[in-house]
Amino acid sequence: MSLPSLPSAPLGDLRGSAARWRRRHLLDRAMRWGLPLALLVVLFPLFDMIYWIAVRALPTFTWATLTTDQVGLGGGLYAMIVGSFTLLALATGFAAAVGIAAGMYTAEYAPPSIARWARVAGNLLAGIPAIVLGYFGYYALVLYTHWGYTTLAGGITLGVFMVPFVYRTADLAFANVPSEQREAALAMGARPGQYLVRVALPIALPAILSGVFLAMAIGLGETAPLLYTAGWSSTPVAGLFQPTSFLTGAIWNFYDYPSTEGSFQALAFQAAFLLLILVIGLNVVVQAVAERYRRRTRGMMA
Amino acid sequence: MDEPISPGDRPAMGRSPGISEPAPPAAPSAPVRAPSLRRWLASPLALAPLILLGLVVAVLAIASEGQYFGLSFWGPVWEFIPTDPAGSTYGIALFALGTAITAGIALILASGLSLAIAIALTTYLPPRTGRILTTLTDLLAGIPSVVYGIWGFVVLAPYFASTVEPNLRNALGWLPGFGGPESAIGGGTGLLLGIFILTLMVIPLTTAVMRESLRSVPRDVVEAGLALGATPWEVVRRVRLRVARRGLWGAVFLGFGRAIGESVALAMVLGNTIQYPPSIYGGSYTIASFIFTQLDSAFFYPELLRALVEFALVILLITIAFNLLGQRAVSGVRTRTVPGAGGRA
Amino acid sequence: MTGPEPGPVGPEPILSVRHLSVRAPNRTILDDVSLDFCDREVAAIIGPSGCGKTTLVRSLNRMTEVAPGVRIEGSVRYRGEEIYDPRVNPVLVRQRIGMVFQRPVPFPLSIYENVAFGLRLQGIEEAEVDRTVRRSLEQAGLWKELDGDVERSGLTLSGGQQQRLCIARALAVKPRVLLLDEPAASLDPTATQRIEELIFDLRKEYAVIIVTHNMQQAARIANRTAFLYQGRLIEYSDTHQLFENPREKLTESYVTGRFG
């Protein structure tokens, strides 16, 4: 805010002692330069992590890594990639359907008291530990249904995990549709359903999409909801009622193999590297979409 | 851009979504009046989150069959493979201890660092720099747990074993828990590494909540402090922290909810040992990391499965309690950079 | 309350502003403003909203720079010393030139601690803090009104009382100049009158500079009045003259209510 000043500089007619002013001033300076160091303490490990994952993964990372099956101790991530995206597609479908519908009803239809409870529950749902959801999926979708480990069970469990993230953005996106839009539409004789589909949805859609992408970024990186629901398979997913492998599972299964023994650990690092890229990429998309939405609504408010 | 913070907030990278930017959630406009039948059909949809939450609790409660609640549940011993299924005791104590140590210490460290970061961002750093740095710290939230885990296990553990832990033992050996014989230091996995990783994982959440709590302090209150001749630091300490107190505590509660639920990363770096940890270098288990690693072996032992499900139920209920506390505390605070946090509690 | 006499122009102004310009990234908020403020006088700054009144007073104790992105040029001298001298710490400026804002903002502390806030920072000893708090509350007319009950939270007071608490808090630091940015804007007429009486008393000891959009208020309490329009100082003169016989056409049309 200003250049350093000497306690004896102009305006020196102080109340209180000069020594005290000096202490106050130095303490402020110390905080100004010291507190941002906490950012370094946090950011250094982040860069260290990205660096080491890249260093371990890149030497053996080739196109074949993405396109071949795991064979013995080596091979590629093809089955895991296909599995991850199949699971993610199922989960996104589930989460988007439930989350958007619930968000729309919470924002547009629900009486305030119900809406309040729904929002609290949405926040709590987002806070459930992933492994607890894994147990839920295992008990409800693997044991109780007698399906065994299946892609479908994994997808649904992951979907439940992702619901609150979609739900909360959808709720907010609908609530943020300017009320003039609603009044104008209804004044022109639109039925509520028409208003929702033709007016509110297009306005809210970019924000909802950013919520969906965010949920996907989070879902893609989860392990705990899948391990005991989707099972594992070294070949690409064969059907909804067959087990499947997935990228995070590759890391969990192979991380503690000695790095000298074949390339199991290398496979784990390649999966980690791929996940990092996908997750960062999805987050960039989230931001871009959100940015566009922000501009649009801002223009509308003006 | 106004989103209240809630437990599951995962700051994505970036100053994000402006899902928020648009105006303060439109003044609650009169809800659209739908025909009553459709309204009636709609309420289950609006309540989907509540229904899902109830379903999870109910399924776990049924699965646990409630039969292990009682003294033996808290017994100190975990019999890995019960020799006498009917009489086995499955004690949660050692795992609860592991959870308390890792989550507790990680939360203290994360809260301190987050507070420092939040103050730096809201008071000292120029907005543009702050935005870039916020994007980067939020990046931490986007990184999958398993990636933290493999980095911790493969990269950090050897370094902890060879450098960090011996030095720490030399420097702080007089402190209980930090000393012990040389053999106390093993392969690097253990409480210390677990706490380190968990701290990093909790920081994005606590930072986001604290940052927005401090930011929500009205500007004129801050300016009033400055106008009275307080230094920026004095304004932080005497005004900002006091006004934002509730939100800051909320961050701690939400952070605790996050910390006790983490399973995968800790299962990879905590050394997975059922023991009373002899020192900070020793291996341990948390409730969450234990149930994460054990479910497959429980397949053949229904009693074991029930006990594990009860463990899951315990952390679920604790998480819900802390998230409720946290949500209450931050209910006035609105966050802008935490995407996905839509609900207005 | 009768209209104030214009005070004699002191030999040396307590604050003198020269060629002060304040620019935000895409517009000029204040454009080359020069004027002097005298000790033991009330000066009012009037003008339509957005004319830069608030920015002008905020620039007098270096509060403008709290907002990022503004550029400040020109000079402000406090008793001959340049407050924008790079060696001067703004904190020291603000100890001498106090400020009260539009919205009353008590800290979430007791009334006593609100007033003692600035004193505690300076490490003033307890007995003097006690005396100063009491005296400041008396000056602000709060001591009697509260019957000495100063341990309750400052937030429990009414709006007008809160604003007088903020004035007492600013006075406790013993500034020489008191800047008031529309101090009565959010108050009802009775509370406004109390504030005006208070300001009238304050000029016995301080230089008071008050921003107001209420011309009657300026006429009632100010010795001198400055009229600002679109960031420029149009006219600055004796209050009577400005309102009854303005030199500038623009001033005339403003004070006669033709715009604004």
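Quick caveat: nothing in here was measured; it's all calculated off a predicted structure. (Residues numbered from 1 in each chain as written. Chains lettered and ligands numbered in written order. Predicted model: local features only at pLDDT ≥ 70, side-chain atom pairs only at ≥ 80, totals over all residues. Heavy atoms only, no water.)

Bringing the overall build of chain B into the picture now. Scanning chain B for helices and strands turns up twelve helices and two strands. Starting at the N terminus and ending at the C terminus, chain B contains elements arranged as β-α-α-α-α-α-α-α-α-α-α-α-α-β. Burial analysis of chain B (345 residues in total) assigns 61% to the buried set. For chain B, long-range pairs separated by at least 24 residues make up 78% of all intrachain contacts whose partners lie at least 6 apart in sequence. If you sum the accessible surface of chain B, you get close to 12100 Å²; carbon and sulfur atoms cover 66% of it. (Helix = DSSP H or I, 4+ residues; strand = E, 2+ residues; numbered from the N terminus. Buried < 20%, exposed > 50% of the residue type's maximum accessible area, 1.4 Å probe, protein only. Contact = heavy atoms within 4.5 Å. Areas by Shrake-Rupley, 256 points an atom, 1.4 Å probe, with all protein chains shown as cover.)

What follows covers the overall build of chain A. Looking only at helices and strands, chain A features twelve helices and two strands. Listing the helices and strands of chain A from first to last along the sequence gives α-α-α-β-β-α-α-α-α-α-α-α-α-α. Against the compact-globule benchmark of 19 Å for 302 residues, chain A has a radius of gyration of 26 Å, which places it well outside the compact range. Across its three principal axes, chain A shows a C-alpha extent of roughly 85 × 70 × 35 Å. Across the 302 residues in chain A, those meeting the buried criterion constitute 57%. (Rg over C-alpha atoms; globule rule 2.2 N^0.38 Å.)

Turning next to the pairing of strand β2 (residues 27-37) of chain C. Residues and elements named next belong to chain C. Here seven bridges tie strand β1 (residues 15-24) to β2, and the two strands are oriented antiparallel to one another. Looking at the pairing, S16 lines up with D36 of β2. Between β1 and β2, which follow one another and run antiparallel, lie two residues. (Pairing = 2+ DSSP bridges.)

Before going further, it helps to spend a moment on the pattern of salt bridges. All names here are of chain B. Summed over the entire model, instances satisfying the criterion amount to 25 salt bridges over all chains. We note a salt bridge from R219 to E223, for which the minimum N-O separation is 3.4 Å. One end of the pair, R219, and the other, E223, are both in helix α7 (residues 219-227), four residues apart, so they sit about a helical turn from each other. What makes R219 exposed here is its relative accessible area of 55%. (Salt bridge = Lys/Arg side-chain N within 4 Å of Asp/Glu carboxyl O.)

Attention shifts here to the nonpolar core. In summary, soluble globular proteins display a tendency toward joint burial of nonpolar side chains. Among the nonpolar cores identified, the biggest contains 284 residues, and I53 of chain A, I150 of chain B together with L15, F37 and L137 of chain C are the most heavily contacted of them. Apart from residues lying up to four places away in sequence, I150 of chain B is in contact with I53, I251, Y255, A268, F269 and A272 of chain A together with V155 and M268 of chain B. (Core = buried A, V, L, I, M, F, W, Y, C linked by side-chain atoms within 4.5 Å.)

A cluster of nonpolar side chains, contributed by W147, L240 and F241 of chain A, occupies part of the molecular surface with about 280 Å² of accessible area. Assessed through its relative accessible area of 31%, W147 of chain A is described here as partly exposed. (Patch = residues over 30% accessible without salt bridge, like charges linked within 9 Å, V, L, I, M, F, W, Y side chains within 5 Å.)

A word on the sheet that holds β2 of chain C. All names here are of chain C. Within the open sheet, the four strands sit side by side as β2-β1-β4-β5. Their pairing is antiparallel. A single partner strand is all that each edge strand has here, and the edge strands are β2 and β5 (81-82). Direction of pairing for β1 relative to strand β4 (residues 71-78): antiparallel, over a ladder of seven bridges. Paired with V17 across the two strands is V76, which belongs to β4. Of the strands in this sheet, β1, β2 and β4 are in contact with helix α1 (residues 53-60), which crosses β1 at around 120°. (Axes fitted to C-alpha atoms, helices over the stretch in contact; angles between N-to-C directions.)

Next up on the list: helix α8 (residues 179-187) of chain A. One full turn of an α-helix is made of 3.6 residues, so residues set three or four places apart face in the same direction. Residues and elements named next belong to chain A. Within α8 the residues assigned to the buried category are S179, R182 and A185. Looking straight down α8, one finds its buried side chains confined to an arc of 130°; they lie on one side. Structural note: α8 exposes E180 and A187 on the side pointing more than 90 degrees away from its buried face. The elements touched by buried residues of α8 are α4 (78-108) and α9 (192-220). Just past α8, the residue G189 takes up positive phi, approximately 95°. (Arc of directions from axis to C-beta.)

Below, the discussion takes up the packing of aromatic side chains. For the structure shown, the criterion picks out 29 aromatic pairs over all chains. Summarising the aromatic geometry, the rings of F161 of chain A and F165 of chain A are spaced 6.1 Å apart at their centres and angled 50° between planes, so their arrangement reads as tilted. Linking F161 of chain A with F165 of chain A, this pair stays in helix α7 (residues 151-175), spanning four residues, or about one helical turn. Of the two residues examined, F161 of chain A and F165 of chain A, each falls in the buried class. Pairwise contacts between aromatic rings join Y138, Y149, Y228, W252 and Y255 of chain A together with F153 and F292 of chain B into one cluster. (Phe/Tyr/Trp six-rings, centres within 6.5 Å; stacked < 30°, edge-to-face > 60°.)

Paired through their backbone hydrogen bonds, the strands of a sheet run either parallel or antiparallel. Residue and element names in this part refer to chain C. Overall, mixed pairing links the six strands, which are arranged β6-β7-β8-β3-β9-β10 in an open sheet. Each end of this open sheet is capped by a strand with a single partner; those strands are β6 (97-100) and β10 (232-238). Direction aside, neighbouring strands of the sheet carry axes that sit 15° apart on average. Both strand β3 (residues 42-46) and strand β8 (residues 207-211) contribute to a ladder of four bridges, which runs parallel. Opposite A43, over in β8, you have I209 as the bridge partner. Sheet strands touched by helix α6 (residues 159-172): β6 and β7 (177-181). Its angle to β6, the strand with the most contacts, is close to 170°.

On to the packing of helix α11 (residues 287-298) of chain B against helix α12 (residues 302-330) of chain B. Working note: a packed helix pair is described by the angle between its axes plus the distance between those axes. All names here are of chain B. At a minimum axis separation of 10 Å, α11 and α12 run at an interaxial angle of 155°. As the angle between them shows, α11 and α12 are arranged roughly antiparallel. You can see that α11 and α12 cross each other, and the crossing is left-handed. Each of I287, A288, F290, I291, Q294, L295, S297 and A298 in α11 lies in contact with α12, whose residues at this interface are P302, L304, L305, L308, F311, A312 and I315. Considering only residue class, the contact of α11 with α12 consists of 13 nonpolar, two polar and no charged. (Parallel < 35°, antiparallel > 145°, perpendicular 65-115°, else oblique. Left-handed = near helix turned anticlockwise from the far one by under 90°. Nonpolar A, V, L, I, M, F, W, Y, C, P; charged D, E, K, R; others polar.)

Following the sequence through the fold, P90 of chain C ends up in helix α2 (residues 90-96). Separated by 144 residues in the primary sequence, P90 of chain C and I234 of chain C place their C-alpha atoms 29 Å from one another.

Tracing the backbone shows L35 of chain C in strand β2. Here the alpha-carbon distance between L35 of chain C and Y236 of chain C, two residues 201 residues apart in the chain, equals 7.6 Å.

All names here are of chain B. Two numbers describe how helix α4 (residues 127-142) lies on helix α6 (residues 191-215): the axes approach to 7 Å, and their chain directions differ by 130°. The orientation of α4 relative to α6 falls into the category oblique. In this structure, the crossing between α4 and α6 has a hand that is left-handed. Where α4 approaches α6, its residues T134, T137, D138, L140 and A141 are matched on the opposing element by L200, P204 and R211.

This brings us to the confidence of the model for chain A. Across chain A, the average pLDDT comes to 86, with 90% of residues at 70 or higher. Scored below 50 in pLDDT, residues 1-10 of chain A makes 26 contacts in the model with residues more than four places away or belonging to other chains. (pLDDT = per-residue confidence, 0-100.)

The next thing to look at is the environment of S237 of chain C. Within the secondary structure, S237 of chain C sits in strand β10. When residues no more than four places from it in sequence are discounted, the contact partners of S237 of chain C are R224, T225, L242 and R247 of chain C.

Residues and elements named next belong to chain A. As for its placement among the helices and strands, N283 is situated in helix α12 (residues 264-301). What makes N283 buried here is its relative accessible area of 2%. Within the structure, the side chain of N283 is placed 2.9 Å from the backbone oxygen of V279, a separation counted as a polar contact. (Polar contact = N/O pair within 3.5 Å; in protein donor to acceptor, adjacent residues only side chain to side chain.)

Moving on: the pairing of β10 of chain C. Residues and elements named next belong to chain C. When strand β9 (residues 224-229) meets β10, the two strands line up antiparallel, connected through six bridges. Residue pairing across strands places L228 opposite L233, the latter belonging to β10. Hairpin connection, β9 to β10: the antiparallel pair is bridged by two residues, and Q230 has positive phi, about 50°.

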